[in-house]
Amino acid sequence: MVVSPLNYSGNKAKILKHIIPLFPKDTKIFADIFCGSGIVGLNSSNQKLILNDKEYRILELLNYFKTNKLENILSDVAHLIQVYNLTDSRNKPKGYYKVYANEGLSRYNKVGFFNLRQAYNEQPNNVKLFVLIIYGFNHYLRFNSKNLFNVPVGKMDFTQSLYLKTIEFVKLLQEKDIEFLNLDFRNEKLYQNADFFYFDPPYLITNAPYNVSWSEKDEDDLYEILDFLNEKKLKFALSNVMYSNGKINKRLEKWSKKYQLCEIQRQYTNANYRRKNLSDTLEVLIKNY
Ligand SMILES: C[S@@+](CC[C@H](N)C(=O)[O-])C[C@H]1O[C@@H](n2cnc3c(N)ncnc32)[C@H](O)[C@@H]1O
């Protein structure tokens, strides 16, 4: 499985190996309606993909990786690392930077990162955003209500492992035939060409920045679309969380009875594994095939 160099909130990297085998084998076009980092569609066996998300900045970044030569992307990144005087541990001898406990490399990168963040917020472009993600806290992509990138400096830099992840990810994006769309999931254009639809929406009962604006109305609209696809005999799969942190998604529980529910992963907070405890988390995949 190829994972993304971005640590996109809610990304499915940890459960890819469980969900990919559950996808149908005989479809031509895979539509990833809430694609985020894109890793689910990208790791499917489909060559043709539709990657859609409401967040245009992630799509622009994916498109930048897709349409630029790998060596140019890497040299754009190296150029910014140099201009903003950021650490470059991959190209330096071991021990060149002193890595402070709890701080990692942040002491070296604080000023350069701040300057780059300011430059990006004044004049955004994809390579600046990518370097901010590399050097930002936990490789997050996050914006405040004024649309400004607001992640603080992180502890890491463009390590060998992140460098290799980037190469693999860019190569995979470039191998696939992809149409990027930046539409709300209700837009009917999304449902015209594909023959398999994967949905990984914000979750009603867990915390992620984009979950705040996800309402019960959105959830109901989504179920309506899924029922519609089912009536049209089109295959879909929906990722979601049935219960977590003491909350249960009752709407989902009721609606999903019509379809097949696959338990993907349970995270136990209770030592007694056999007792169902709602403070545990249950991730599910609901499918109609
Ligand atoms: C759980 S994340 C998807 C993560 C993705 N599967 C991955 O592995 O990276 C949910 C995504 O839904 C997007 N989103 C939220 N509301 C949306 C809407 N109304 N229409 C389309 N996309 C939306 C968010 O921007 C976010 O990227």
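Residues numbered from 1 in each chain as written. Predicted model: local features only at pLDDT ≥ 70, side-chain atom pairs only at ≥ 80, totals over all residues. Heavy atoms only, no water.

*Asks:* What's the story with the side chain of Ser 239 in this structure? I'm lost.
*Replies:* Here Ser 239 shows up in strand β5 (residues 235-244). Looking at Ser 239, the relative accessible area reads 2%, which means it is buried. Reaching out from Ser 239, the side chain makes a polar contact with the side chain of Tyr 198 at a distance of 2.6 Å. With residues near it in sequence (within four places) discarded, Ser 239 still touches Lys 12, Ile 19, Tyr 198, Phe 199, Asp 200, Pro 201, Tyr 203, Val 284 and Leu 285. (Helix = DSSP H or I, 4+ residues; strand = E, 2+ residues; numbered from the N terminus. Buried < 20%, exposed > 50% of the residue type's maximum accessible area, 1.4 Å probe, protein only. Polar contact = N/O pair within 3.5 Å; in protein donor to acceptor, adjacent residues only side chain to side chain. Contact = heavy atoms within 4.5 Å.)

*Asks:* Before we go on, may I ask you to explain the site of the ligand in this structure?
*Replies:* In the vicinity of the ligand, 19 residues are found, and the nearest of them are Tyr 8, Ser 37, Asp 53, Asp 184 and Asp 200. Lys 12 places a main-chain nitrogen or oxygen 2.9 Å from an oxygen atom of the ligand. Within the side chain of Ser 37, one N or O atom sits 2.6 Å away from an oxygen atom of the ligand. In isolation the ligand exposes 610 Å². Once the protein is present, 97% of that is buried. For the shell around the ligand, the class distribution of residues is nine nonpolar, four polar and six charged. (Near = heavy atom within 4 Å. Areas by Shrake-Rupley, 256 points an atom, 1.4 Å probe, with all protein chains shown as cover. Nonpolar A, V, L, I, M, F, W, Y, C, P; charged D, E, K, R; others polar.)

*Asks:* Honestly, the packing of aromatic side chains in this entry has me stumped. Any pointers?
*Replies:* Any aromatic ring pair is given by two values, namely how distant the centres are and how the planes are angled relative to each other. Applying the stated rule across the entire model yields 26 aromatic pairs. Geometrically, the ring pair formed by Tyr 223 and Trp 255 is stacked, given 4.6 Å between the ring centres and 10° between the ring planes. Here Trp 255 lies in helix α9 (residues 250-255) and Tyr 223 lies in helix α8 (residues 216-231), a separation of 32 residues in the sequence. The burial state of Tyr 223 is the same as that of Trp 255; both residues are buried. With a centroid separation of 5.1 Å and an interplanar angle of 50°, the aromatic rings of Trp 255 and Tyr 259 are classed as tilted. (Phe/Tyr/Trp six-rings, centres within 6.5 Å; stacked < 30°, edge-to-face > 60°.)

*Asks:* What is the right way to read the domain arrangement of the protein from this model?
*Replies:* It is common to report an interface's size as the accessible area lost on association of the parts. On domain assignment, one finds that the protein holds domain 1 (13-54 + 183-287) and domain 2 (69-162). Taken over C-alpha atoms, the centre of domain 1 sits 32 Å from the centre of domain 2. (Domains from an automatic or database assignment.)

*Asks:* Can you help me understand helix α7 (residues 160-175) in this one?
*Replies:* Between its first and last C-alpha, α7 extends 23 Å over 16 residues, near the 22 Å set by a 1.5 Å rise per residue. Of all the residues in α7, the buried ones are Leu 162, Tyr 163, Thr 166, Ile 167, Phe 169, Val 170, Leu 172 and Leu 173. Elements in contact with the buried residues of α7: α2 (39-43), α3 (56-67), α4 (70-83), α6 (126-135) and β3 (177-181). (Expected span 1.5 Å × (residues − 1).)

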